[in-house]
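Listed here are the chains, written in short residue letters.
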Amino acid sequence: QVQPVESGGGLVQAGDSLRLSCVASRRSFNQYTMGWFRQAPGKEREFVGGITWGNHNTEYADSVKGRFDISRDDAKNTVYLQMNSLKPEDTAIYYCAARWRGRQVPHSGPQWEYWGQGTQVTVSS
């Protein structure tokens, strides 16, 4: 079992950058596929992106492709979400998720096994 913990959220202006971190203290962290989701007020949770274990393939939602970048440092049990050119519509609570040995990055939330508590990102116009 792994418990992701997100950090790095905050209030920024449109066009700014922000990096979120997700630490999951587990010796086998390197065997978890990690993902990021977000939920804006009044909206359903949506997939942002993810990175597989092993070969570290990444996948992104169309709405963030080219602006967001996901990476991981298995030595630090950490996955990062680098967010650039932020827009007001990126405002949401961002959640980190983990999936044991997932060879793909599911876009559907129920396919992920473990979730963090979330971190708020607010982008002002």
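Residues numbered from 1 in each chain as written. Predicted model: local features only at pLDDT ≥ 70, side-chain atom pairs only at ≥ 80, totals over all residues. Heavy atoms only, no water.

Draft legend 1. View of the sheet that holds strand S1 (residues 4-7). Overall, antiparallel pairing links the 4 strands, which are arranged S1-S3-S8-S7 in an open sheet. Of all the strands in the sheet, the pair left with one neighbour each is S1 and strand S7 (68-73). Each neighbouring strand pair of the sheet contributes to a mean axis angle of 20 degrees, computed without reference to strand direction. Note: S1 against strand S3 (residues 18-24), 4 bridges, orientation antiparallel. By the bridge assignment, Val-5 is partnered in S3 with Val-23. (Pairing = 2+ DSSP bridges. Helix = DSSP H or I, 4+ residues; strand = E, 2+ residues; numbered from the N terminus. Axes fitted to C-alpha atoms, helices over the stretch in contact; angles between N-to-C directions.)

Draft legend 2. Seen up close, the nonpolar core. In terms of nonpolar packing, the biggest core is built from 35 residues, with Met-34, Trp-36, Leu-81, Met-83 and Tyr-94 touching the most fellow members. By residue number, the principal contributor to this core is strand S9 (residues 92-100), which donates 6 residues. Beyond its immediate stretch of four places on either side in the chain, Met-83 contacts Asp-16, Ser-17, Leu-18, Leu-20, Arg-67, Phe-68, Tyr-94 and Val-121. (Core = buried A, V, L, I, M, F, W, Y, C linked by side-chain atoms within 4.5 Å. Buried < 20%, exposed > 50% of the residue type's maximum accessible area, 1.4 Å probe, protein only. Contact = heavy atoms within 4.5 Å.)

Draft legend 3. Seen up close, the state of the cysteines. One pass over the full model with this rule turns up 1 disulfide. The partner cysteine of Cys-22 in its disulfide is Cys-96, sulfur to sulfur 2.1 Å. On the sign convention where negative is left-handed, the bridge of Cys-22 and Cys-96, at about -80 degrees about the S-S bond, is left-handed. Here Cys-22, found in strand S3, pairs with Cys-96, found in strand S9; they are 74 residues apart in sequence, far enough to count as distant. No difference in accessibility class separates Cys-22 from Cys-96, as the two residues are buried. (Disulfide = S-S within 2.5 Å.)

Draft legend 4. Looking closely at the pattern of salt bridges. In the structure shown here, the tally under the stated rule is 5 salt bridges. Close ionic contact of Glu-46 with Arg-38 constitutes a salt bridge, the shortest N to O distance being 2.5 Å. Overall, the relative accessible area of 5% leaves Arg-38 in the buried class. Taking the shortest distance from any N to any O, the salt bridge between Arg-38 and Asp-90 comes out at 2.9 Å. Within this pair, whereas Arg-38 is found in strand S4 (residues 32-39), its partner Asp-90 is found in the loop between strand S8 (78-83) and S9, the two being separated by 52 residues in sequence. With respect to class, Arg-38 is no different from Asp-90; both count as buried. (Salt bridge = Lys/Arg side-chain N within 4 Å of Asp/Glu carboxyl O.)

Draft legend 5. How the structure looks around the packing of aromatic side chains. Per the stated rule, a full pass over the model turns up 5 aromatic pairs. With a centroid separation of 6.2 Å and an interplanar angle of 65 degrees, the aromatic rings of Tyr-32 and Tyr-114 are classed as edge-to-face. One end of the pair, Tyr-32, is in strand S4; the other, Tyr-114, is in strand S10 (residues 114-115), with 82 residues separating them in the sequence. You can call Tyr-32 buried: its relative accessible area is 3%. When the ring of Phe-37 is compared with that of Phe-47, the centres are 5.6 Å apart and the planes differ by 75 degrees; the resulting orientation is edge-to-face. Taken together, the positions of Phe-37 in strand S4 and Phe-47 in strand S5 (residues 46-51) put the pair 10 residues apart, joining distant regions of the chain. (Phe/Tyr/Trp six-rings, centres within 6.5 Å; stacked < 30°, edge-to-face > 60°.)

Draft legend 6. The arrangement of the side chain of Asp-90 in detail. Given a relative accessible area of 1%, Asp-90 falls into the buried group. Dropping the residues within four chain positions of it, Asp-90 is found in contact with Arg-38, Arg-67, Phe-68, Ser-85, Val-121 and Val-123.

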